[in-house]
Amino acid sequence: MKYTYLGKSDLNVSRICMGCMGFGNAAAGQHSWTVDENQTREIIKHGLELGINFYDTAIVYQNGTSEQFVGKALRDFAKRDEYVVATKFTPRTQEEIDSGVSGQQHIENYLNQSLENLGMDYVDLYIYHMWDYHTPMEEIMEGLNNVVKAGKARYIGISNCFAWQLAKANDYAKSQGFAEFVSVQGHYNLIAREEEREMAPFCYSENIAMTPYSALASGRLARHPGETSKRLEEDAYARFKYDATADVDGKIIRRVEEIAEKRGVSMTEVSLAWLLTKVTAPVVGATKITHVDGAVKAVELKLTEAEICYLEELYVPHALVGVMAQNGKQKAGNVV
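Criteria and thresholds
Residues numbered from 1 in each chain as written. Predicted model: local features only at pLDDT ≥ 70, side-chain atom pairs only at ≥ 80, totals over all residues. Heavy atoms only, no water. Helix = DSSP H or I, 4+ residues; strand = E, 2+ residues; numbered from the N terminus. Rg over C-alpha atoms; globule rule 2.2 N^0.38 Å. Buried < 20%, exposed > 50% of the residue type's maximum accessible area, 1.4 Å probe, protein only. Contact = heavy atoms within 4.5 Å. Areas by Shrake-Rupley, 256 points an atom, 1.4 Å probe, with all protein chains shown as cover. Salt bridge = Lys/Arg side-chain N within 4 Å of Asp/Glu carboxyl O. Expected span 1.5 Å × (residues − 1). Axes fitted to C-alpha atoms, helices over the stretch in contact; angles between N-to-C directions. Parallel < 35°, antiparallel > 145°, perpendicular 65-115°, else oblique. Left-handed = near helix turned anticlockwise from the far one by under 90°. Nonpolar A, V, L, I, M, F, W, Y, C, P; charged D, E, K, R; others polar. Phe/Tyr/Trp six-rings, centres within 6.5 Å; stacked < 30°, edge-to-face > 60°. Lys NZ or Arg CZ within 6 Å of the ring centre and 35° of its normal.

Whenever I open this one, the overall build of the protein chain confuses me. Can you help?
A count of helical and extended segments in the protein chain gives 13 helices and ten strands. Taken against the 2.2 N^0.38 rule, which gives 20 Å for 336 residues, the C-alpha radius of gyration of the protein chain at 19 Å falls within 12% of a compact globule. The principal-axis extents of the C-alpha atoms in the protein chain amount to approximately 55 × 40 × 35 Å. Among the 336 residues that make up the protein chain, the fraction classed as buried is 55%. When contacts within the protein chain are restricted to residue pairs at least 6 apart in sequence, long-range pairs at least 24 apart make up 79% of them. Approximately 14,200 Å² of the protein chain is accessible, and the part contributed by carbon and sulfur atoms is 49%.

Listed below in structure tokens is the structure:
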């Protein structure tokens, strides 16, 4: 495994971040394809053994059971200073707004619950899951600064935002002497490259780490055409993100397959090796031990410039999908 610093922070993270959305009680949340606690423990233990020290979860993943499973596994298999754990909070709910819960209080309440779920005194990275149009940005930044000052979060990050939003928030934080966002978690992979328009160059100029989710397009960049999985069959949200462009994306996926066969490696390795040339640490979900192995091997795979160009040349502009397609249109408390 290789390691790097997360943006301007002193967090030394593995080049692969294990995404923990696939962990949690399958009967307790949005996803029916998640794995139970025993499987979660096996996967996290294997990840730690292979050098992955960066783990990303969220309070909304399977109603907090992802945090619970992940926290216990990390506590049991590693010392607290041996891993970096990130979790995320969502916008205020309509009930909170009606009750007069401020943005600052919302953040404190959610982080306290996440820490209880994780069984930890602090998180290394606390991530603003999606832009909250019903709460003043100033309240969010003050609330995040408060939890950093209180020692409950070492650093803060943001997810699912536009470059102008990140720039605006960090500019305000800087003017107030508040904690600034050190990382951004957006939707970025070989068949979804819209982050390259403004976010990627902005982050490069400001030394803000990119830790994209959906690094393998919910498995599409890791499977040969015709192969299936439980997630592919049951994840309606992923289909919402990718089905409309399946034809044009398929041409790129076939090139991933072609290079993988030529190099004698997996499609996972090729797809992630490409992304590792662009970002700090992709967030890679795992619901099997083999998923971890493929992600770790990708760190060692070096693509040639010709291979990179070959993978990139067929991409065409895509409409924003998923959470970003709804950025600016959400109702209070709408969690995706």
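Looking at this structure, how should I read the pattern of salt bridges?
When the charged atoms of two side chains lie near each other, side chains of opposite charge can form a pair. A full pass over the atoms with the stated rule returns 13 salt bridges. Note that Lys45 is salt-bridged to Glu49, the shortest N-O span being 2.8 Å. Here Glu49 and Lys45 lie together in helix 1 (residues 37–49), a separation of four residues that amounts to about one turn. A relative accessible area of 53% means that Glu49 is categorised as exposed. Here Arg154 makes a salt bridge to Asp124, at a shortest N to O gap of 3.3 Å.

I'm lost on helix 6 (residues 163–176) in this one. Help?
Residues that lie three or four places apart on an α-helix share one face, since the helix turns once every 3.6 residues. For helix 6, with 14 residues, the first-to-last C-alpha span of 20 Å sits near the 20 Å given by 1.5 Å per residue. Among the structural elements, helix 5 (137–149), strand 7 (153–159), strand 8 (181–185) and helix 7 (199–206) are those in contact with the buried residues of helix 6. Taken from the residues just after helix 6, Gly177 is the one with a positive phi, measuring 75°.

What should I look at first to understand the packing of helix 11 (residues 267–276) against helix 12 (residues 289–298) in this one?
Angle between the axes and distance between the axes are the two parameters that describe a pair of packed helices. Here helix 11 crosses helix 12 at 45°, and the two axes come no closer than 8 Å. In this view, helix 11 runs oblique relative to helix 12, as classed from their interaxial angle. You can see that helix 11 and helix 12 cross each other, and the crossing is right-handed. In this structure, helix 11 uses Thr268, Glu269, Leu272, Ala273 and Leu276 to contact helix 12, whose residues at the interface are Gly294, Ala295, Lys297 and Ala298. Within the contact of helix 11 with helix 12, the residues separate by chemical class into five nonpolar, two polar and two charged.

Mind showing me how you'd approach the packing of aromatic side chains here?
Where two aromatic rings form a pair, the distance of their centres and the angle of their planes describe that pair. By the definition in use, this model includes seven aromatic pairs. Centre to centre, the rings of Tyr128 and Phe181 are 6.5 Å apart; their planes meet at 20°, and the pair counts as stacked. On the criterion of sequence distance, the pair formed by Tyr128 in strand 6 (residues 123–128) and Phe181 in strand 8 is long-range, its members being 53 residues apart. Like Tyr128, the residue Phe181 is buried in the burial classification. Note on Tyr188 and Trp274: the rings are 5.8 Å apart at their centroids and 75° apart in plane angle, and the pair reads as edge-to-face. Placement of the pair is Tyr188 in the loop between strand 8 and helix 7 and Trp274 in helix 11, with a sequence separation of 86 residues. Ring pairing ties together the aromatic residues Phe89, Tyr126, Tyr128, Trp131, Trp164 and Phe181, which thus form one cluster. The positively charged end of Arg80 is found above the aromatic ring belonging to Tyr122, 4.1 Å away from the centroid.

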